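Results of the structural survey
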Amino acid sequence: MNPPPVPSESATVLVLACLLVAPLAIAGIALVNTGLGRSRSASHAMLTSLCAVSVAAAAYFVCGFAIQGFAGSPAHTITAAGKQWNWIAAQPLFLRGLPLDASPACLVFWLQLLSVALVAVIPLGAGLDRWRLGAAAASTALLAGLVYPLFAHWVWGGGWLAQIGFVDAAGGAPVQAVGGLTALAIAWILGPRRGKYSTEGGMPAAIPGHNAVLVLFACFLVWTGWLGLNGAGAMLFCGAPVSALVRVELNTTLSAAMAGLAAAGITHARFGRPDASLCANGWIGGLAASSAGCLFLTPAVAALTGLVAGALVVFTVEWLDIYGEIDDPTGSVSVHAVGGIWGVLALGFFARSGAPVQALSQIAGVATLLGFVLPLAYGLNWLLDRVSPQRVVQEAERQGLDLHELGAGAYPEFVIHREDFPQR
Amino acid sequence: MRLAGLLLLVAGWAIVLAAFLLLIATTPRAAFVAAGVAIEILGLGLVARSHISGREAKR
């Protein structure tokens with residue numbers, strides 16, 4: 001794979017502008033995680049997000065970028081079937097040798113630092129109200145230092161997936177699906193929250209989030225951040241010209257809008273009124289689905305992709321909750337894994353160039369997510385759980401993680417659980 | 001059951017990899033990729049089932 005071309009000055013300025021708004025996506029996901037959790041763990045949820053971003057940045061700085069590299073950077077290859085396959089980058093640790101200017105390599109590093117931070121906050125939603133802060137930080141280090149960089153190298157660093165024709169403009173697979181599948185592994189390993197599934201069987205209890213306004217406001221933040229991530233990704237990874245940015249941003253917005261509408265329509269039809277948290281999930285699921293194909297799809301197809309993503313998110317949230325017995329309070333698995341994978345497949349099915357071959361390459365990418373990323377994330381977190389249990393003790397769950405792990409509640413004057421406060 | 005499911009996930013991926021390495025014609029390659037993905041879905045189902053039955057046993 002050839003190194004990315006040096007962008008013009010105007011393109012560099014636009015990439016920088018996109019990178020400056022991209023952190024809003026991370027802030028938005030952190031707010032969604034907080035709002036959909038219990039009030040007695042709100043502070044903990046927000047602090048865990050902040051810690052996860054910090055750990056992810058540190059791990060990516062130390063070894064993540066060395067594993068991932070960028071297109072055209074030195075890499076290790078293996079020879080199979082008479083062809084050389086690029087499987088891991090050979091960059092020095094600690095960013096040594098990376099020119100700190102506006103070169104494509106440096107801009108790619110910055111975008112990747114933001115992407116890895118976004119990946120890191122996605123699994124936190126699946127472990128809400130029961131994941132120890134220290135365990136979440138350790139799990140994030142493995143995700144940002146090994147799992148994400150390896151897969152991202154295969155897609156964006158000239159790795160073997162790129163060699164077989166797999167395409168992803170802005171992270172439907174490396175960011176959304178990797179984060180979502182890690183969330184699935186975490187939900188499995190931690191198990192459901194106390195009281196979610198009754199010992200007598202029957203329907204699972206609905207444990208509503210504590211702040212719908214926070215969640216819906218976060219949707220606007222996530223949208224703004226996504227415009228930056230998709231714009232920067234399309235220009236840096238696919239060499240999109242400045243003029244293509246309009247299509248990228250339009251497709252991103254249309255996909256999110258149609259997904260939000262689909263979620264609102266389906267929940268209205270099924271429950272008699274729109275469901276706020278599922279609408280927020282649908283909106284973000286549409287954004288996740290837009291990532292892979294934002295540069296390659298027509299606006300009509302992007303809208304259709306979003307519509308399907310919104311429907312998929314609503315149905316899979318319920319299906320995983322009831323039949324899969326997966327307690328995922330924020331719907332991270334449905335939003336990011338299902339939405340991201342659907343976006344990757346939609347690009348293969350609906351992109352105008354090279355239809356059947358492109359579809360096969362995209363399916364190979366999804367097979368790699370399921371057959372490599374999920375077992376690796378599960379195995380690493382299972383080992384971590386054996387070394388030090390990732391779940392808090394029962395008493396901590398009853399008391400709330402704010403008091404148990406941080407020593408103070410998020411809303412001490414507004415929400416008082418009398419039994420939660422120690423007697424003087 | 002959990003280990004078997006995880007092994008099936010990896011085995012399905014290996015079939016997809018082998019299809020891309022060894023087959024050139026589109027039709028047989030597509031058939032092998034479909035078989036690999038089917039095995040992965042089976043593995044995913046087994047892992048999911050193992051977690052549900054693990055909790056049912058605890059009840």
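Reference entry: report on the structure contained in this document. (Residues numbered from 1 in each chain as written. Chains lettered and ligands numbered in written order. Predicted model: local features only at pLDDT ≥ 70, side-chain atom pairs only at ≥ 80, totals over all residues.)

1. A closer look at the packing of helix H8 (residues 212-238) of chain A against helix H10 (residues 276-293) of chain A
In a packed pair of helices, the relevant descriptors are the angle between the two axes and the axis-to-axis distance. All names here are of chain A. Across the interface, H8 lies against H10 with an axial gap of 9 Å and an inter-helix angle of 5 degrees. As the angle between them shows, H8 and H10 are arranged roughly parallel. Where H8 abuts H10, its residues Ala212, Val215, Leu216, Cys219, Val222, Trp223, Trp226 and Asn230 lie against Ala276, Ser277, Ala280, Trp283, Ile284, Leu287, Ser290 and Ser291. Looking at the contact of H8 with H10 residue by residue, the classes come out as twelve nonpolar, four polar and no charged. (Axes fitted to C-alpha atoms, helices over the stretch in contact; angles between N-to-C directions. Helix = DSSP H or I, 4+ residues; strand = E, 2+ residues; numbered from the N terminus. Parallel < 35°, antiparallel > 145°, perpendicular 65-115°, else oblique. Contact = placed C-beta atoms within 7 Å. Nonpolar A, V, L, I, M, F, W, Y, C, P; charged D, E, K, R; others polar.)

2. Observations concerning the environment of Gly179(A)
Residue and element names in this part refer to chain A. By secondary structure assignment, the location of glycine 179 is in helix H7 (residues 172-190). By C-beta crowding, glycine 179 is classed as buried, having 33 other C-beta atoms within 10 Å. Here the alpha-carbon distance between glycine 179 and alanine 120, two residues 59 residues apart in the chain, equals 6.9 Å. For glycine 179, the residues in contact, after removing those within four places along its chain, are Val119, Ile122, Pro123 and His336. (Buried ≥ 20, exposed ≤ 12 C-beta atoms within 10 Å, placed from the backbone.)

3. Things to note about the interface of chain B and chain A
Contact with chain B, which involves 22 residues of that partner, is made by 20 residues of chain A. Taken together, the elements giving at least two residues each to the side of chain B that touches chain A come down to helix H1 (2-22) and helix H2 (26-58) of chain B. Looking at the side of chain B that touches chain A element by element, the count peaks at twelve residues for H2(B). Across the side of chain B that touches chain A, the residue classes break down as 14 nonpolar, four polar and four charged.

4. Some details on the pairing of strand S1 (residues 75-80) of chain A
Residue and element names in this part refer to chain A. Alignment of S1 against strand S2 (residues 83-89), held across six bridges, turns out to be antiparallel. Residue pairing across strands places histidine 76 opposite isoleucine 88, the latter belonging to S2. The turn joining S1 and S2, which pair antiparallel and follow one another in sequence, is formed by two residues; a positive phi near 50 degrees is taken by alanine 81. (Pairing = 2+ DSSP bridges.)

5. As for the packing of helix H3 (residues 42-68) of chain A against helix H5 (residues 133-156) of chain A
Residues and elements named next belong to chain A. Two elements in contact, H3 and H5, have axes whose closest approach is 8 Å; the angle formed by their N-to-C orientations is 35 degrees. For the element pair H3 and H5, the recorded crossing hand is right-handed. Residue classes in the contact of H3 with H5 are distributed as 20 nonpolar, seven polar and no charged. (Left-handed = near helix turned anticlockwise from the far one by under 90°.)

Purely geometric numbers; function is a separate question.
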